Amino acid sequence: MCGISALLLADSSQAAVGELLESLGLLQHRGQDAAGIVTCGHKGRLFQCKGNGMVRDVFTPQRLMALSGYMGVAHVRYPTAGTPADSEAQPFYVNSPYGIVMAHNGNLTNDSELRHFLDYDAHRHINTDSDSELLLNIFANNLQKTGKFRINEQDIFSAIESLYSECRGAYAVTAMLAGFGIIGFRDPHGIRPLVFGRRKALAGSGYDYMFASESVVLDALDFTDIEDVQPGEVIIVSKSAVTRRRLVVESQITPCIFEYVYFARPDSTIDGIPVYNARLDMGVKLARNVKRALGAGMDIDVVIPVPDTSRAAALQLSHELGLPYREGFNKNRYVGRTFIMPGQEMRRKNVRRKLNAMPTEFKDLNVLLVDDSIVRGTTSQEIIQMARDVGAKKVYFASAAPAIRYPNVYGIDMPTMKELVASGNSNDAVS
């Protein structure tokens, strides 16, 4: 799971880097491993800055000053394929043909097949283990087939239409062609989100255009006419026009539920559904399950969320059950999200550094803890023990998401069934 954005300003004398940086700050929750920005300036010259670390660490004032240009692409990375090497920080770039920059959110499922094709048939060098570099080179290879000195929108549509038939998996993409414009497209099943918007140019006439993983970015930067890039749709923004076409229409659209459960900000809207409202609805359904499971013998004294993403579901659940809602855990906001941290052992060690239980909210009470999900069970076990350590009489634990019993191969760090605590287990066995 990553965060991506792209921006084209109507006034070519203005710099895009400031708002691209701001977009990454607004998307930092989607990836804390690496960050990068590539901009395009006069005569199609590209400027880049990327590396491992948080947004605030990668982009120093000196580095930002060097990123000139009126359009650009940006990325924050949470690794699900490849390695955490500096070389895998995005956006990726190839100089041939035409100078292409690409940022990718998602995961390809036929990467081995694509790697073989690019090596043996297309003869394109792949420098990293990242599937995003494969996606970029498939696109570049398709554009190369035109053999043209200069390409147009139809050539880009044709290249991406071929990419759709070649690449399987999840991909929301922002791309840039040097001196030409920016592009946004989504896989035919709409697994990963991408939104598009415009605003009146801050200087001069015309419109500025932007793509981002979440609508909150466009809201914060005063963009209007915000809409989802449709599954299988390609939108091309050049200096003179916006051209769009839905190249593939699948009968089944399958957006990732984890966007609503955990990853996306609550103030974002994805595929027309406000994330906050989705989490409230999870609380309603979870309350029904609690009533069904505990029945007339329900002895819960208080509902306590595991911050932050479970708050909306816990609040609605407490309302449905007529129980008090309390904040029982204090969160250290300077520790990263444990789910995104690479390595199981690191996740386990950081749970207690991240959360601190307040004894006054637990002592001698039967508490219902509400979390957004139970994936590996590592965090859940630690949190339950923390509640007991500060005096909870009885601890119930509820998940807003359904039991996760199968791996997600589309960009979430849960690649094997053996890591999932619910795999092969009933709910009772998990508890």
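Everything that follows concerns the structure shown earlier in this document.
Residues numbered from 1 in each chain as written. Predicted model: local features only at pLDDT ≥ 70, side-chain atom pairs only at ≥ 80, totals over all residues. Heavy atoms only, no water.

Participant: Can you help me understand the overall build of the chain in this one?
Facilitator: For the chain, the helix and strand inventory stands at 13 helices and 20 strands. Overall, the chain is about 75 × 50 × 40 Å in size when its C-alpha atoms are taken along their principal axes. The long-range share in the chain, meaning contacts at least 24 apart out of those at least 6 apart in sequence, stands at 66%. Just so you have it, the chain exposes about 18,400 Å², and 50% of that area is on carbon and sulfur atoms. (Helix = DSSP H or I, 4+ residues; strand = E, 2+ residues; numbered from the N terminus. Contact = heavy atoms within 4.5 Å. Areas by Shrake-Rupley, 256 points an atom, 1.4 Å probe, with all protein chains shown as cover.)

Participant: Explain a positive patch on the surface to me, please; I cannot follow it from the model alone.
Facilitator: The grouping of Lys285, Arg288, Lys291 and Arg292 at the surface amounts to a positive patch. As for its position among the elements, Lys291 is in helix α9 (residues 275–294). You can call Lys291 partly exposed: its relative accessible area is 45%. (Patch = residues over 30% accessible without salt bridge, like charges linked within 9 Å, V, L, I, M, F, W, Y side chains within 5 Å. Salt bridge = Lys/Arg side-chain N within 4 Å of Asp/Glu carboxyl O. Lys, Arg positive; Asp, Glu negative; His and termini not counted. Charge placed at Lys NZ, Arg CZ, Asp CG, Glu CD. Buried < 20%, exposed > 50% of the residue type's maximum accessible area, 1.4 Å probe, protein only.)

Participant: Help me understand the sheet that holds strand β16 (residues 302–305) in this model?
Facilitator: In a beta sheet, neighbouring strands pair by backbone hydrogen bonds and run either parallel or antiparallel. Spatially, β16-β19-β20 is the arrangement adopted by the 3 strands of the open sheet, whose pairing is parallel. The open sheet is flanked by β16 and β20 (394–399), the only strands paired with a single partner. Going across the sheet, the axis of each strand differs from the next one's by a mean of 25 degrees, ignoring polarity. Pairing of strand β19 (residues 366–371) with β20 involves 6 bridges; the strand directions are parallel. Note that in β20 the partner of Leu369 across the bridge is Phe397. Against the sheet, helix α12 (residues 378–389) touches β19 and β20, its axis set at about 150 degrees to β20. (Pairing = 2+ DSSP bridges. Axes fitted to C-alpha atoms, helices over the stretch in contact; angles between N-to-C directions.)

Participant: Teacher, can you tell me more about the pattern of salt bridges here?
Facilitator: Side chains that differ in charge, positive against negative, can pair when their charged atoms come close. Under the defined criterion, the tally for this structure stands at 21 salt bridges. Between Asp57 and Arg56 there is a salt bridge whose closest N-O contact spans 4.0 Å. Under the relative-accessibility criterion, Asp57 is labelled partly exposed at 46%. A relative accessible area of 62% places Arg56 in the exposed class. Overlapping salt bridges bring together Arg30, Arg192, Glu214 and Glu259 as one network.

Participant: For this particular structure, what's the right way to read helix α5 (residues 131–144)?
Facilitator: Residues lying three or four places apart along an α-helix face the same way, a consequence of the helix completing one turn every 3.6 residues. Relative to the 20 Å expected for 14 residues at 1.5 Å per residue, α5 spans 20 Å between its end C-alpha atoms, a close match to the ideal helical length. Taken across its 14 residues, α5 has 13 buried, putting it largely inside the fold. A distance of 3.1 Å separates the backbone nitrogen of Ser132 from a side-chain oxygen at the start of α5, and that oxygen is part of Ser130. (Expected span 1.5 Å × (residues − 1). Polar contact = N/O pair within 3.5 Å; in protein donor to acceptor, adjacent residues only side chain to side chain.)

Participant: Got a minute to help me understand the packing of aromatic side chains in this structure?
Facilitator: Describing an aromatic ring pair means giving the distance of the ring centres and the angle of the ring planes. A full pass over the atoms with the stated rule returns 11 aromatic pairs. Seen from their ring centres, Phe258 and Phe263 are 6.4 Å apart, and the 50 degrees between their planes marks the pair as tilted. There is no split in this pair, since Phe258 and Phe263 are both buried. Relative to Phe362, the ring of Phe329 has its centre 5.3 Å away and its plane inclined at 65 degrees; by these criteria the two rings are edge-to-face. Of this pair, Phe329 sits in strand β17 (residues 329–331) while Phe362 sits in the loop between β18 (355–357) and β19; the two residues are 33 residues apart in sequence, bridging distant segments of the chain. Taken as a pair, Phe329 and Phe362 share a single burial class, namely buried. (Phe/Tyr/Trp six-rings, centres within 6.5 Å; stacked < 30°, edge-to-face > 60°.)

Participant: Could you clarify how one ought to interpret the sheet that holds strand β13 (residues 242–246) in this entry?
Facilitator: Reading across from one edge, β5-β6-β7-β8-β12-β13 is the order of the 6 strands in this open sheet, with antiparallel pairing throughout. With partners counted over all chains shown, the strands left at the sheet margins are β5 (92–94) and β13, one partner each. Across this sheet, the average inter-strand angle for adjacent strands is 15 degrees, counted without regard to direction. Bridge count for β5 against strand β6 (residues 100–108) is 3 bridges, and the pairing is antiparallel. Pairing of Val94 across the sheet is with Ile100, part of β6.

Participant: What is the right way to read the pairing of strand β4 (residues 71–77) from this model?
Facilitator: Here is the key point about a regular strand: its side chains alternate between the two faces of the sheet. Here β4 lies mainly inside the structure; 7 of its 7 residues are buried. Both faces of β4 are covered, namely the face carrying Met71, Val73, His75 and Arg77 and the face carrying Gly72, Ala74 and Val76. Bridge analysis of strand β1 (residues 3–8) against β4 gives 6 bridges, and the strand direction is antiparallel. Looking at the pairing, Leu8 lines up with Met71 of β4. As paired elements, strand β2 (residues 34–40) and β4 share 7 bridges and run antiparallel to each other. Within β4, the position partnered with Ala34 by the bridge is Arg77.

Participant: What is the right way to look at the pairing of β16 in this model?
Facilitator: Burial of β16 is two-sided: the residues Val302 and Ile304 facing one way and the residues Val303 and Pro305 facing the other way are all buried. Summarising the sheet, β16 and β19 pair through 4 bridges and their orientation is parallel. When the bridges of β19 are listed, Val303 appears paired with Leu368.

Participant: Where do I start with the side chain of Ser423 in this structure?
Facilitator: Structurally, Ser423 is set in the loop between β20 and α13 (427–430). By relative accessible area, Ser423 is classed as buried at 18%. Those residues in contact with Ser423 that lie beyond four places of it in its chain are Ile404, Arg405 and Met417.

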